[in-house]
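# Fold and contact review
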Amino acid sequence: MNKTRQSRLYDFFLFCLGLVLIAGLVQAFSFLKNNQLVFPSLSEIISVFLSLLTKKHTYCLIFTTLLHLFTAVFCAFFAGILIGMLEGRFKSVYKVLFPLMTLLRSLPVIVLAVILMVLFDYAFVPFLAAVIVLVPLVSEAVYEGFCSLDKELIDVYRLNSSFSVNILFKVYIPLMSGFLRQAFNNAVGMGIKIIVTTEYLVQTKGSLGKAIFTSGYFNEYAEIYAYALIMILLVLLLSVLPQVVLKKASRVVFKNARRENFSSEN
């Protein structure tokens with residue numbers, strides 16, 4: 001237990017060291033550029049950041065962007081898990097969808113946003129752009145997770161029950177939790193970038209994207225960097241919480257499967 005605690009403290013120390021590195025880079029750019037307007041000092045950025053955190057309006061902006069993000073991630077995971085499971089169970093589905101998924105992954109966000117702006121109402125563009133980009137990311141993770149499952153554990157459950165929605169959520173998904181965790185972390189980070197970018201393009205009212213556009217319009221670069229810090233904190237918070245839940249779920253399923261496997265052998 002002591003070793004685990006020391007390992008966590010060491011990881012936290014390295015994380016803090018990474019933050020110091022970022023702060024040093026920002027300060028170095030400010031010094032090299034020698035332009036306080038474009039690259040304000042670190043103290044000024046932190047001052048603006050703390051000021052934003054005290055304003056109710058900032059949390060309204062965060063709520064709008066997070067609403068887009070949560071909706072997009074939920075829909076992307078629902079569609080991605082469904083597609084990934086079909087690809088894992090039927091290789092022909094994977095081969096048929098591979099070109100489409102590759103296209104969606106490689107399509108530039110700006111091009112995708114312009115296409116969606118022509119086809120749909122501007123209010124739906126941030127959500128739709130994020131879903132389209134994130135579905136291939138999730139489906140690929142599910143496909144790889146499905147292919148790497150321990151066949152013995154799956155066979156144990158198949159002896160007692162055929163494949164069903166219940167088995168999907170109680171067996172397959174927990175056993176693929178490592179892949180899903182990684183997919184979720186990537187989806188949150190990429191999703192918030194896509195959403196804020198498209199909010200910026202379509203001028204979504206009351207969003208972080210719109211706030212960044214306004215700050216840029218009035219040359220308030222310290223505010224832009226402060227909003228960037230807020231987005232980084234959001235990504236960190238959203239990445240850590242689900243990991244704890246998925247880790248516990250995967251351990252429970254793995255123990256139960258091993259116990260049933262041992263019982264069947266005896």
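In the block above lies the structure referred to throughout.
Residues numbered from 1 in each chain as written. Predicted model: local features only at pLDDT ≥ 70, side-chain atom pairs only at ≥ 80, totals over all residues. Heavy atoms only, no water.

## Topic: the overall build of the protein
Looking only at helices and strands, one finds 11 helices and 0 strands in the protein. Secondary structure elements of the protein, listed N to C terminal, follow the sequence α-α-α-α-α-α-α-α-α-α-α. Within the protein, the fraction of its 266 residues that count as buried is 37%. A sequence separation of at least 24 residues applies to 74% of the contacts in the protein between residues at least 6 apart. Accessible surface, the protein as shown: approximately 16100 Å² in total, 70% of it carbon and sulfur. (Helix = DSSP H or I, 4+ residues; strand = E, 2+ residues; numbered from the N terminus. Buried < 20%, exposed > 50% of the residue type's maximum accessible area, 1.4 Å probe, protein only. Contact = heavy atoms within 4.5 Å. Areas by Shrake-Rupley, 256 points an atom, 1.4 Å probe, with all protein chains shown as cover.)

## Details of a nonpolar patch on the surface
A contiguous nonpolar surface patch, about 920 Å² in accessible area, is contributed by Ile 110, Val 111, Val 114, Ile 115, Val 118, Leu 119, Phe 120, Phe 124, Tyr 200 and Leu 201. Only helix H5 (109-119) and helix H9 (177-202) provide two or more residues apiece to the nonpolar patch. In this fold, Val 118 is placed in helix H5. Look at Val 118 and you get exposed, because its relative accessible area is 68%. (Patch = residues over 30% accessible without salt bridge, like charges linked within 9 Å, V, L, I, M, F, W, Y side chains within 5 Å. Salt bridge = Lys/Arg side-chain N within 4 Å of Asp/Glu carboxyl O.)

## Some remarks on unusual backbone geometry
Phi is positive for Gln 203, close to 60 degrees, though the residue is something other than glycine. Along the chain, Gln 203 turns up in the loop between H9 and helix H10 (208-217). The class for Gln 203 is partly exposed, based on a relative accessible area of 26%. Non-glycine residue Asn 219 carries a positive phi angle of around 60 degrees. Within the secondary structure, Asn 219 is located in the loop between H10 and helix H11 (221-265). Judged by relative accessible area, Asn 219 falls into the partly exposed class, the value being 38%.

## A word on the nonpolar core
Ranked by internal contacts, the top residues of the largest apolar core, which has 54 residues, are Leu 69, Phe 77, Leu 208 and Tyr 227. Those elements that place two or more of their residues in this core are helix H2 (42-53), helix H3 (56-89), H5, helix H6 (125-147), helix H8 (165-175), H9, H10 and H11. Non-local contacts of Leu 69, meaning those with residues more than four positions away in its chain, are made with Val 188, Gly 191, Ile 192, Ile 195 and Leu 238. (Core = buried A, V, L, I, M, F, W, Y, C linked by side-chain atoms within 4.5 Å.)

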